[in-house]
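# Observations on the model geometry
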Amino acid sequence: MEPAWRQQGRGRGRGQEAPGERSRPLQKEREKPGAAAAGAWGAGRGGRTKSATAPEPQRGVSVQSKFEEIRKSNQAAAQRLVESRISCSSSDEDDDDDGAVDHNDGKRGKILSSTFTTYTDQTGGDATGLLRTGQYVSDLFQSGALTCLICIASVKRTQAVWSCSSCFSLFHLPCIQKWARDSAFLVSSVTDEDFGQKQHPWPCPKCRAEYPPSATPNRYMCYCGKLQDPPADPWLAPHSCGSVCQKELKPTCGHTCLLLCHPGPCPPCPKMVAVSCMCGKAKPLPRRCSNKAWSCQKQCSKLLPCKQHTCTQPCHTECSPCPRVSVQKCVCGREKAERPCASPRWNCQQVCGSLLSCGNHTCEVVCHDGVCPPCPRSVSRSCPCGKTKSSLPCTEEVLPCGDTCDRRLSCGKHTCSMRCHRGSCETCRQEVEKECRCGKYRKLMPCHKEYLCDSKCPQTRSCQRHQCRRKCCPGNCPPCDQSCGRTLGCRNHKCPSGCHPGSCYPCPESVEVRCTCGSTVLAVPCGRERSTKPPRCKETCRCPPSCHHPTRETHRCHPGPCPPCRQSCLLPLPGCSHTCPQPCHDMVLVKSQQVQLAGPWEQPSEPAFVKKALPCPPCQVPIPTACFGEHEVSPVPCHRRGRFSCKRPCGRPLTCGNHNCSRECHLVTNGKQCEVCEEACSKPRPPGCPHTCSRPCHPGNCPPCSQMIRQRCHCKISVLYVECTKLTSADERTKVQLGSCNNQCPKQLSCGHRCKQVCHPGVCEEKCQQKVKLRCPCKRIKKEMPCALSAECVVQCDDACKDQQKKVSQMKEAEQRAAEVEEQKKLQEELEAFEKRQQRGGRRSKKRGRREEVDDEESRARRWWRRCAAYVLAPLGGALLSAAAYYLLTTP
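We now turn to the structure provided with this report.

What counts as what
- Just so you know, the residues in each chain are numbered from 1, in the order the chain's sequence is written.
- Two thresholds apply to this predicted model, a pLDDT of at least 70 for residue-level local features and 80 or more for giving and counting side-chain atom pairs, whereas whole-chain, interface and lining totals are computed over all residues.
- Neither water nor hydrogens contribute to the side-chain values; these are computed over all heavy atoms in the structure.
- Helix and strand definitions here come from DSSP, where helices need a minimum of 4 consecutive H or I residues and strands a minimum of 2 consecutive E residues; each element is numbered from the N-terminal end.
- Working rule for contacts: check all heavy atoms of both residues, and any pair within 4.5 Å makes them a contact.
- Computed by Shrake-Rupley with a 1.4 Å probe, the accessible areas treat only the displayed protein chains as cover when residues are assessed.
- Pairing of aromatic rings covers Phe, Tyr and the six-membered ring of Trp, with a centre-to-centre limit of 6.5 Å; geometry is then stacked below 30 degrees between planes, edge-to-face above 60, and tilted otherwise.
- Using a 1.4 Å probe on the protein chains alone, a residue whose accessible area is under 20% of its type maximum counts as buried, one over 50% counts as exposed, and one in between counts as partly exposed.
- We call a charge positioned over a ring when the NZ of a Lys or the CZ of an Arg lies within 6 Å of the ring centre and within 35 degrees of the ring normal.
- For this analysis, a polar contact is any N or O atom pair within 3.5 Å, provided that within protein one partner can donate a hydrogen and the other can accept it, and provided that sequence-adjacent residues contribute only side-chain to side-chain pairs.
- The disulfide criterion is simple: two cysteine sulfur atoms within 2.5 Å.
- Put simply, buried Ala, Val, Leu, Ile, Met, Phe, Trp, Tyr and Cys residues joined by side-chain atoms within 4.5 Å make one nonpolar core.
- Helices are assigned an expected span. That span is 1.5 Å times one less than the residue count.
- What makes a salt bridge here is a side-chain nitrogen of Lys or Arg within 4 Å of a carboxyl oxygen of Asp or Glu, nothing more.
- Nonpolar side chains (Val, Leu, Ile, Met, Phe, Trp, Tyr) are joined into patches within 5 Å and like charges within 9 Å, using only residues with over 30% relative accessible area and no salt bridge.
- For this count, His and the chain ends are skipped, Lys and Arg are scored as positive, and Asp and Glu as negative.
- Where a charge lies is defined by one atom per residue type: Lys uses NZ, Arg uses CZ, Asp uses CG and Glu uses CD.
- By definition, two strands form a pair when at least two bridges between them are found by DSSP.

### A word on the overall build of the protein chain
- Looking only at helices and strands, one finds eleven helices and 24 strands in the protein chain.
- Intrachain contacts of the protein chain at a sequence separation of at least 6 include 30% that bridge at least 24 residues.
- Total accessible area on the protein chain is roughly 59,900 Å²; 51% of this is exposed by carbon and sulfur atoms.

### A short note on the packing of aromatic side chains
- Across all of its chains, the model carries five aromatic pairs by this definition.
- Centroid distance Trp162 to Tyr211: 5.5 Å. Interplanar angle 75°. Geometry classified as edge-to-face. Pair noted here: Trp162 is in strand S3 (residues 161–163) and Tyr211 is in strand S6 (residues 210–211), with a separation of 49 residues, a long-range link. The residues Trp162 and Tyr211 share a single accessibility class, namely buried.
- Positioned over the ring face of Tyr505 is Arg208, at 3.8 Å from the centre of the ring.

### Observations regarding the side chain of His239
- Relative to the helices and strands, His239 resides in the loop between S6 and strand S7 (272–275).
- Within the structure, the side chain of His239 is placed 2.8 Å from the side chain of Tyr220, a separation counted as a polar contact.
- Other than its neighbours up to four places away in sequence, His239 contacts Val155, Lys156, Arg157, Gln159, Val161, Leu170, Tyr220, Cys222, Tyr223 and Pro230.

### Quick notes on the state of the cysteines
- In this structure the tally under the stated criterion is zero disulfides.
- Of all cysteine sulfurs in the structure, the one in Cys224 sits closest to Cys222, which takes part in no disulfide; the separation is 3.4 Å.
- With no disulfide of its own, Cys619 has Cys638 as its nearest cysteine by sulfur position, at a separation of 3.6 Å.
- Judged by relative accessible area, which is 6%, Cys619 ranks as buried.

### Structural notes on the nonpolar core
- Residues Ile150, Trp162, Phe171, Ile176, Trp202 and Tyr211 are the most contacted members of the largest nonpolar core, which totals 38 residues.
- Only helix H5 (98–123), helix H6 (131–141), S3, strand S4 (170–172) and helix H7 (173–191) provide two or more residues apiece to this core.
- Looking at this core element by element, the count peaks at five residues for H7.
- Ignoring sequence-local partners within four residues, the contact set of Phe171 consists of Cys148, Leu149, Ile150, Ala160, Val161, Trp162, Ile176, Cys204, Pro205 and Lys206.

### Concerning the environment of Val758
- Following the sequence through the fold, Val758 ends up in the loop between helix H9 (732–738) and strand S23 (771–775).
- In the structure, Val758 is positioned 13 residues away from Cys745 in sequence and 5.4 Å away in space, judged by C-alpha atoms.
- Every residue in contact with Val758, bar those within four places of it in the chain, is listed here: Ser740, Asn742, Asn743, Gln744 and Cys745.

### Here's the deal with helix H10 (residues 799–840)
- The end-to-end C-alpha distance of H10 is 63 Å, a good match for the 62 Å that 42 residues give at a rise of 1.5 Å each.
- Taken together, the buried positions of H10 are Cys801, Gln804 and Lys826.

### Here we look at the pattern of salt bridges
- On inspection of all chains with the given rule, the structure shows 13 salt bridges.
- Its salt-bridge partner being Lys178, residue Asp182 comes within 2.8 Å of it at the nearest N-O pair. On the criterion of helical spacing, the pair formed by Asp182 and Lys178 is a turn pair, its members being four residues apart in helix H7. Residue Asp182 shares its accessibility class with Lys178, and that shared class is buried.
- Notably, a salt bridge pairs Arg442 with Glu435, separated by 3.4 Å at the nearest N-O pair.
- Exposure remark for Glu435: the relative accessible area of 43% places this residue in the partly exposed category.
- When salt bridges with common partners are traced through the structure, they connect Lys387, Asp403 and Asp406 into a single cluster.

### Looking at a positive patch on the surface
- Side chains of Lys773, Arg775, Lys779 and Lys782 sit close together on the surface and give a patch of like positive charge.
- If you trace the backbone, Arg775 turns up in strand S23.
- For Arg775, a relative accessible area of 43% corresponds to the partly exposed category.

### Regarding the pairing of strand S14 (residues 442–446)
- Examined bridge by bridge, strand S13 (residues 431–435) and S14 share five bridges and lie antiparallel to one another. When the bridges of S14 are listed, Glu435 appears paired with Arg442.

### Digging into unusual backbone geometry
- Cis geometry is adopted by the peptide bond preceding Pro251, which originates at Lys250 and carries an omega value of 0°.
- Within the secondary structure layout, Pro251 lies in the loop between S6 and S7.
- Of note in this structure, Cys472 is not a glycine but carries a positive phi near 45°.
- By the secondary structure assignment, Cys472 is in the loop between S14 and strand S15 (510–514).
- Cys472 gets classed as buried once you look at its relative accessible area, which sits at 0%.
- Although it is not a glycine, Lys647 sits at a positive phi angle of roughly 70°.
- Relative to the elements of secondary structure, Lys647 occurs in the loop between strand S20 (633–637) and strand S21 (708–712).

Below you can see the structure in the form of structure tokens.
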């Protein structure tokens, strides 16, 4: 059977909810106005309804009335949701205001102090014994600290709970009741033959402490067990009755707990009692009851169990064994040895050897004290099979009686068939029909052997998941040896226990949930870390600032983003030396652009806000500023600072130096000047310039003439444009440079190469510097040199060239001689063949003629291949040999 968190809430639809949970909202909706319309609307949307009694909407009802009924139904559902959320514990309420947090912390501190007041009054304000109990009480107010391990849900202030007396964990009352019923049911269904008759204990889900069936919780009680259904008091700890606990303290001292009704263990006893020291020598002193054992630090001096030495340790409860060594006798008194005083009794491992009372035998017992035992042969004896009794003296042995042994064999069913004998009987070898262990088959086999069949048990083991599969199982199947492996309620781990029936125990792991800075840690059960809010921290927030300020405003550690910065911006404004006086605007919530609606049937969504850095506003500091013509001075805002027009005439002298500007007051810059004089320039031009001045009336000298003159370059190919001023003011050398197109001269020298000089006047020089290659007569040696020196230089062959030519000629001669010899052989073969044909003569048979024709064709083919080899392959091979020889000779 699976736990509650697995049986309820499966899936995301409402079709798997419990019937009771689904019927309650329907009943509430019927009680409120507009429930019928809501039910009809839900049937129209979903297509399925629980009840068919909901009346269909009339056709005459307008669309507006339907909309109103649906709206009222939705408002009622929202109201029910809000009411269910209000019942959550105060620990789940998280305020963003620091003042509210301080108020809640103060209220929490008052509740804790009122709970511990009676204890601290007894201890004089010392609260060191309240650390463990205080942690349990503090968890009641901490968000997410209290979790029911069965359903993995938060424990609310108004919910009925049950607390384990061993581990003090809190569980929902319905959850623990179902857990107890399921645990007892599963155990009884597996172990009881008379199912449901025995009473089995049930374990705690966390510590597995067992409780009897009578301890199954059926009422909601406070922690101390005095008040049933304790009311939710905001000034008391949740689930507390507010009265004194009065539980018996552990270890038992006769006193009771002085705290108000509280969760967790009771603190140590704070009462003061008069007790003596542990050795009892000192006078009684007042001590805390929980720590009443004390030592006077004097020597104990009590006589130790060895009866020889005294205890030398300081005051303590019980003396330890004597640590000294002394000479001690063994049990029989024959040997002495140094041994610890703590173990004075020891044996020397020697046989006693004393004469027994019979006077015939000696004692065979190893070192012992007291009187030796009587002779074992002096008592009444019998034969080996036990049938014949004898009273012979101890010096004589009793012989076998000769009768059948008849002692029971090891099988337990048959007797020994041998004659009376000493020693153990042999193994039973009778052939009997045996039944296998599982009772399915029978077989004849020796009695001493066990019969096990090969059939495997099909029964399900105690886990109710796997088969036994043991050979010849008698029915008492062993527990399942496989691992459970089911996912626990935390959804993070798998069950590590062996395979078992029913629901798994809750996950024993705990997860730490830290605050943003990591100083405050909250341990929550595994699986709750995703839904648990970070714990409240009293430390200062350590998040780095998200704006341009070096530090944030001091505030407490908090989850989520930090509040917006309220400091002044103080950034230098662009274009001036002032700073921004506005509040920080680096991270400002700005409404995002709304998506255009597709039609009137779509409702506009709520505006989304995004954080965005806004620019600083324009500077508004007034600055005294003069107008363009400096006629007056007026205050202007800093962001609009700069000169302005006063609407008066400008009055500045023009650039020609003869007139004044008649325009309205204006700004004079490099791009904007006063009006220009429009009269033509009448000044004389420089000597040699045929052009007139193109500027209007101006002061000073006229600018250089910028007109372009067209002329051909020295090589008469390109057309050049030269400024008039450069050409008239240049010397002869400069004029030559201006008349050159800067390209290579296109004229051809007498050697056939092109002139390498840049476009120049006059005749080209005949010194050609073009690189040419010269070779020796055999084409083996080559050299590079300027074209002008090639006629004077001749490359001659060296000794290597001569040797190469000699080798090539020899190879050619050898090839010719080989070709001649081959030709002589061919001619000789043809002559011999002709002579043979002449000698045969007469008329030849058809077969012989055909054979001779075939031989002739073969001989013709051979001759043709020989000619090819002589005229084609031989020269080709010679050429290859000569190339190889040339390569070998030229390679360095």
